[in-house]
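Reading the structure
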Amino acid sequence: MEIRKFTVVGAGSMGHGIAELALIAGYDVWLNDVAENILKNAKERIGWSLKRLSEKGSIKEDPEKILSRLHLTVSQEEAMKDTDFLIEAVIEDINVKKKVFEKADSLASKDAILASNTSSLPITEIATAVKRPERVVGMHFFNPPVLMQLVEIIKGEKTSEETMKRAYEMGKKLGRDPILVKKDVPGFLVNRILFRVNDISCLLVEKGKADVLEVDASAIYELGFPMGVFLLQDYAGVDVAYLVGKAMGERGFKAYECKAFEQLYKAKNLGVKTGKGFYSYPEPNKFVKP
Ligand code: 3HC
């Protein structure tokens, strides 16, 4: 099926990166969020990233030309109307996500795929908001989507094989390495592993066996991780880690309830985006390795 219109709902850290991948792949992309300033910020971040990729020769097309395929809108109707492929990347809240899918179901083209970038919420539960759950699928990207190769393609109970195939092919078209997750379990594959690593890291700190920097240093220098465990939470967003852990816990994945995550979340110290998390950053949204 020809994709004439590609929609991304949610223009935050994940949404803007997914939109960038679709732009690079040559699609006309409608990026939607609730406020103009969020969209403006997303466009600036995409522009910056495209420039970096171009300087390194990772993309051949002129960044300005790629950016010209981006359409920003605060109107969900405009973004979703007759779209052929939609990826939702809004906050990790089941009710917010279901509202997006309910609307998308009535506005998208009849053969459109409706995908969710959720990290933790069941695709089966999200799909209850639509009339044709066979076209709802999980496409879980990793932060930052333009540099992280992996994408999980998740099958909900009612997702059709055709939808799985089309989502997998889209993952490939976006230049990623998709893996199929055939069981809709909390945290899918990657976050089930990542949250066990978080658990043990948090316990080491809470029991006074090591501090945050020591845990991160051993993850990098001993285990070969590209980023320390706590730095990664700052980078991806402390709120994301907290909400994802909570959602997984509510659905039966018993993660350790890390007090540090909860304290930072409640104090709105969300990591790079606010300038303070486990580490401090020179200014909000500016990632400088501590
Ligand atoms: N677009 C283009 N280029 C980018 C970029 C972007 N969005 N972000 C960073 N870069 C570039 C930098 O400019 C830099 O370029 P340079 O070498 O020319 O200076 C280069 O990439 C490397 O960046 P840094 O020097 O800042 O840092 P690193 O060498 O550590 O690389 C990283 C950054 C690729 C993010 C690496 O640290 C990494 O792989 N970290 C782990 C990320 C990860 O695990 N993500 C998953 C998070 S979990 C998740 O998303 C799941 C969710 O469900 C919770």
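Keep in mind that this is a model prediction, so the values were computed, not measured. (Residues numbered from 1 in each chain as written. Predicted model: local features only at pLDDT ≥ 70, side-chain atom pairs only at ≥ 80, totals over all residues.)

Quick look at the overall build of the protein
A tally of helices and strands in the protein yields 12 helices and 8 strands. Computed over C-alpha atoms, the radius of gyration of the protein comes to 19 Å, within 12% of the 19 Å expected from 2.2 N^0.38 for 290 residues, which places it in the range of a compact globule. Expressed as lengths along the three principal axes of its C-alpha atoms, the size of the protein is roughly 55 × 45 × 30 Å. Scored against the burial criterion, the 290 residues of the protein give a buried share of 47%. Across the protein, contacts joining residues at least 24 apart in sequence account for 63% of those joining residues at least 6 apart. (Helix = DSSP H or I, 4+ residues; strand = E, 2+ residues; numbered from the N terminus. Rg over C-alpha atoms; globule rule 2.2 N^0.38 Å. Buried ≥ 20, exposed ≤ 12 C-beta atoms within 10 Å, placed from the backbone. Contact = placed C-beta atoms within 7 Å.)

Regarding the packing of helix α8 (residues 190-206) against helix α11 (residues 238-250)
It is the contact of α8 with α11, at a shortest axis distance of 12 Å, that shows an interaxial angle of 110°. Classified by the interaxial angle, the pair formed by α8 and α11 is roughly perpendicular. In this structure, α8 meets α11 at a crossing whose hand is left-handed. Across from N191, F195 and N198 in α8, the residues of α11 making contact are A241, V244, G245 and M248. When grouped by side-chain class, the residues that make up the contact of α8 with α11 number 4 nonpolar, 3 polar and no charged. (Axes fitted to C-alpha atoms, helices over the stretch in contact; angles between N-to-C directions. Parallel < 35°, antiparallel > 145°, perpendicular 65-115°, else oblique. Left-handed = near helix turned anticlockwise from the far one by under 90°. Nonpolar A, V, L, I, M, F, W, Y, C, P; charged D, E, K, R; others polar.)

Examining α11
Side chains that are three or four residues apart share a direction in an α-helix, a result of its 3.6 residues per turn. With 13 residues, α11 extends 18 Å between its outermost C-alpha atoms, agreeing within 8% with the 18 Å of an ideal straight helix rising 1.5 Å per residue. As for α11, its buried residues are in contact with α8, α10 (229-236) and α12 (259-266). Among the residues trailing α11, G252 stands out with phi positive, at a value near 105°. (Expected span 1.5 Å × (residues − 1).)

Focus on the site of the ligand
With respect to spatial proximity, 17 residues lie near the ligand, and among them S49, R52, S119, N143 and P226 are the closest. Of all the secondary structure elements, the ones that give two or more residues to the shell around the ligand are α2 (36-55), α10 and α11. In terms of residue count, the dominant contributor to the shell around the ligand is α2 (3 residues). Each residue belonging to the shell around the ligand can be placed in one class, and the counts come to 12 nonpolar, 4 polar and 1 charged. Both of domain 1 (6-181) and domain 2 (190-266) provide at least three residues apiece to the shell around the ligand. (Near = placed C-beta within 6 Å. Domains from an automatic or database assignment.)

A short note on the environment of A108
Topologically, A108 is positioned in the loop between α5 (94-107) and β5 (113-116). Setting aside anything within four residues of it in sequence, one finds A108 in contact with M80, T83, L86 and L114.

Structural notes on unusual backbone geometry
Cis geometry marks the peptide bond from N143 to P144, where omega comes out at 0°. Turning to its location among the elements, P144 is positioned in the loop between β6 (136-141) and β7 (150-154). Positive phi is not limited to glycine here, since D82 has a value of about 60°. Position of D82 relative to the elements: it lies in the loop between α4 (76-80) and β4 (85-88).

Focus on the nonpolar core
Core analysis: the largest hydrophobic core is formed by 84 residues, its most contacted members being A22, V29, L86, L114 and V137. Three or more residues apiece are contributed to this core by two domains, here domain 1 (6-181) and domain 2 (190-266). With residues up to four places along the chain from it excluded, the contact list for V29 reads F6, V8, A19, A22, L23, R69, L70 and H71. (Core = buried A, V, L, I, M, F, W, Y, C linked by C-beta atoms within 7 Å.)

With respect to the sheet that holds β6
Sheet strands line up and pair through hydrogen bonds in the backbone, either parallel or antiparallel. Read across the open sheet, the 8 strands follow the order β3-β2-β1-β4-β5-β6-β7-β8; overall the sheet is mixed. If you trace the sheet from one side to the other, it starts and ends with β3 (70-73) and β8 (177-181), each paired once. For this sheet, the mean inter-axis angle between neighbouring strands, taken without regard to orientation, is 25°. With 4 bridges connecting them, strand β2 (residues 29-32) and β3 associate as parallel partners. Paired with N32 across the strands is T73, a residue of β3. (Pairing = 2+ DSSP bridges.)

Let's talk about the domain arrangement of the protein
For the protein, the domain assignment lists domain 1 (6-181) and domain 2 (190-266). On the domain 2 side, the residues contacting the 8 residues of domain 1 number 11 residues. Residue composition of the side of domain 1 that touches domain 2, grouped by class: 2 nonpolar, 4 polar and 2 charged.

Here we look at the pairing of strand β1 (residues 6-9)
The alternating pattern of β1 places F6 and V8 on one face and T7 and V9 on the opposite face, and all of these are buried. As defined by bridge partners, β1 adjoins β2 across 4 bridges and the pair is classed as parallel. Looking across to β2, one finds that V8 is bridged to L31. Where the polypeptide runs from β1 across helix α1 (residues 13-24) and back to β2, its parallel neighbour, the crossover connection is right-handed. Sheet analysis places β1 next to β4, joined by 4 bridges and oriented parallel. Across the sheet, residue F6 finds its bridge partner in β4, namely F85. (Right-handed = clockwise from strand over helix to strand, strands pointing away.)

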